[in-house]
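Breakdown of the fold
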Amino acid sequence: MNRAEHLTILAIETSCDETAAAIVRGRDETVETLSNVVSSQIPLHAQYGGVVPNLAAREHVANILPVVSQALREANVDPDDIDLLAVTNGPGLIPALLVGTDTMKTLSWLWKKPLVGIHHIEGHIYANFLVPPSGDTKASGDTEIRFPLLALVVSGGHTQLMLARSHGEYEIVGQTRDDAVGEAFDKTARLLGLGYPGGPAIAKRASSGEAGASALGPIRLPRPMIHSKDLDFSFSGIKTAVLTLVKKNKDKLSEMAFVDAVAREFQNACVEVLVSKTLRAAGMFAPKCVVLAGGVSANEELRRRLGEKLAETHPEIAYRVPHPAFCIDNASMIAAAAYFRWNNMSDRQRSSSVDSWKNLRADSNLKLAKES
Ligand code: KG4
Ligand code: ZN
């Protein structure tokens, strides 16, 4: 392997309902995607209103090798060119994770390549530092990582404020006490009859129609824990308030204006709480950089409002959001995390990772950091 030049990485991600493989190339402090293949199972699970773990595993088994071959083909890379393999080994749905880890363990043994296991959330954080797809103007293009780094992690399973003092050194400084924010989007969408996944559906309805009042007068939902002095969150109360509202107004669910207004107020409530706690954490820890991570980081309103408030209150802090292509689950982000892990490994650790297929385990509850 030519370390001085660059490192070519093949990664796969199967923790939930996307079968994903990617090839990236890392050089110095930058990671560029050569291919990023994501096979989504959304239409399969949508009919059940959420992800069914065994069905997800069955689909991953059917898709994983075609997806890996496509990633190699699109990148114009063959197995000999690969320096490092990476796979998500948790957290997530165990039957789904096992498909990814077993596939990668087999490839590592067969090709005699080093293998590293990556925490799914660590991947989401590193999505911020992938070079945006070429010719795309939506991303900032600045991929430099600055520590200490504060990440607002918002996904279907997690809502956390995570402080990283350097590569691989994480501390959870705040987290949800009940539902994750993505879960609240999904449950609220179901209550409003908007289907699965709920996040994009709510965002779309929130941005359509007239802002403000419906025939009911203005709708107001709670902002749980917004004034608490800690950095924790709670989202189940907002969801329960939507349930009460919907029960009282069953006849209005067929009215576009009503659903739009509830979606808008729900999104506003979530965004306000997330922004307020992130600003509080920024004040407490003085990070050099704030990043968004996880599926909910695709939310335009959250991206925009956090950016505006940070610029107003902490103009010295750099603000990064992942390119839209890298917000939802994908394997490029897993490869990016693996690149920086590898860079910080000793020669001994590197050479022993050729054997890590022997003991790498999928763990549905894998932990990334100590909790403060
Ligand atoms: O990171 P992710 O793809 O999977 C997990 O690791 O959980 O996140 C999925 C979550 C779902 O709850 C989905 O509704 C939410 O991300 N999501 C969004 C948006 N796009 C996806 N939430 C709000 N606004 C969006 N635009
Ligand atoms: Zn995710």
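Since the structure is predicted, the reported quantities are computational estimates derived from the model, not experimental observations.

Contact geometry of helix H8 (residues 256-285) with helix H9 (residues 300-313) gives a least axis separation of 10 Å together with a crossing angle of 35 degrees. Between H8 and H9 lies a crossing of right-handed hand. Of the residues in H9, those touching H8 at Gln 267, Asn 268, Val 271, Glu 272, Leu 274, Val 275, Thr 278, Leu 279 and Ala 282 are Glu 301, Leu 302, Arg 305, Leu 306, Lys 309, Leu 310 and Thr 313. Taken together, the residues that form the contact of H8 with H9 break down as 8 nonpolar, 4 polar and 4 charged.

A full pass over the atoms with the stated rule returns 18 salt bridges. Through salt bridges with shared partners, one network takes in Arg 223, Glu 265, Glu 272, Glu 301, Arg 304, Arg 305 and Glu 308.

Quick look at the site of ligand 1 now. Neighbouring residues of ligand 1: 18 residues in total, closest His 124, Gly 156, Asp 186, Gly 199 and Gly 295. Take Asn 299: an N or O atom from its side chain is 3.0 Å from a nitrogen atom of ligand 1. Taking 550 Å² as the accessible area of ligand 1 by itself, protein coverage stands at 87%. Listing elements by their share of the shell around ligand 1, those giving two or more residues are helix H4 (120-126), helix H5 (181-191) and helix H6 (198-207). Partitioned by chemical class, the residues of the shell around ligand 1 number 5 nonpolar, 11 polar and 2 charged.

Angles at a metal have ideal values that depend on geometry: 109.5 degrees with four tetrahedral donors, 90 or 180 degrees with six octahedral donors. Distances from the zinc ion (ligand 2) to its protein donors, namely His 120 (NE2), His 124 (NE2) and Asp 329 (OD), fall within the range 2.0 to 2.1 Å. Linear spacing of the donor residues for the zinc ion (ligand 2) on their chain is H-x3-H-x204-D. Here His 120 pairs with His 124, and both are found in helix H4, just 4 residues apart, close to one helical turn. Here His 120 matches His 124 in class, with each residue buried.

Moving on, we get to the packing of aromatic side chains. Counted by the stated rule, this structure contains 5 aromatic pairs. Here Tyr 126 and Phe 340 contribute two aromatic rings whose centre-to-centre distance is 5.4 Å and whose plane-to-plane angle is 25 degrees, an arrangement assigned as stacked. A residue pair is termed long-range when its members are at least 10 positions apart, and Tyr 126 in helix H4 and Phe 340 in helix H10 (residues 332-343) qualify at 214 residues. For the pair Tyr 126 and Phe 340, one class covers both residues: buried. An aromatic cluster is defined as three or more aromatic residues linked by ring pairs; in this entry it consists of Tyr 126, Phe 129, Tyr 339 and Phe 340.

Reading the values: rules and limits
- Residues numbered from 1 in each chain as written.
- Chains lettered and ligands numbered in written order.
- Predicted model: local features only at pLDDT ≥ 70, side-chain atom pairs only at ≥ 80, totals over all residues.
- Heavy atoms only, no water.
- Axes fitted to C-alpha atoms, helices over the stretch in contact; angles between N-to-C directions.
- Helix = DSSP H or I, 4+ residues; strand = E, 2+ residues; numbered from the N terminus.
- Left-handed = near helix turned anticlockwise from the far one by under 90°.
- Contact = heavy atoms within 4.5 Å.
- Nonpolar A, V, L, I, M, F, W, Y, C, P; charged D, E, K, R; others polar.
- Salt bridge = Lys/Arg side-chain N within 4 Å of Asp/Glu carboxyl O.
- Near = heavy atom within 4 Å.
- Polar contact = N/O pair within 3.5 Å; in protein donor to acceptor, adjacent residues only side chain to side chain.
- Areas by Shrake-Rupley, 256 points an atom, 1.4 Å probe, with all protein chains shown as cover.
- Donors = N, O, S within 2.8 Å, 3.2 Å for Na, K, Ca; no water.
- Buried < 20%, exposed > 50% of the residue type's maximum accessible area, 1.4 Å probe, protein only.
- Phe/Tyr/Trp six-rings, centres within 6.5 Å; stacked < 30°, edge-to-face > 60°.

Geometric descriptors of this kind do not, in isolation, establish any biological role.
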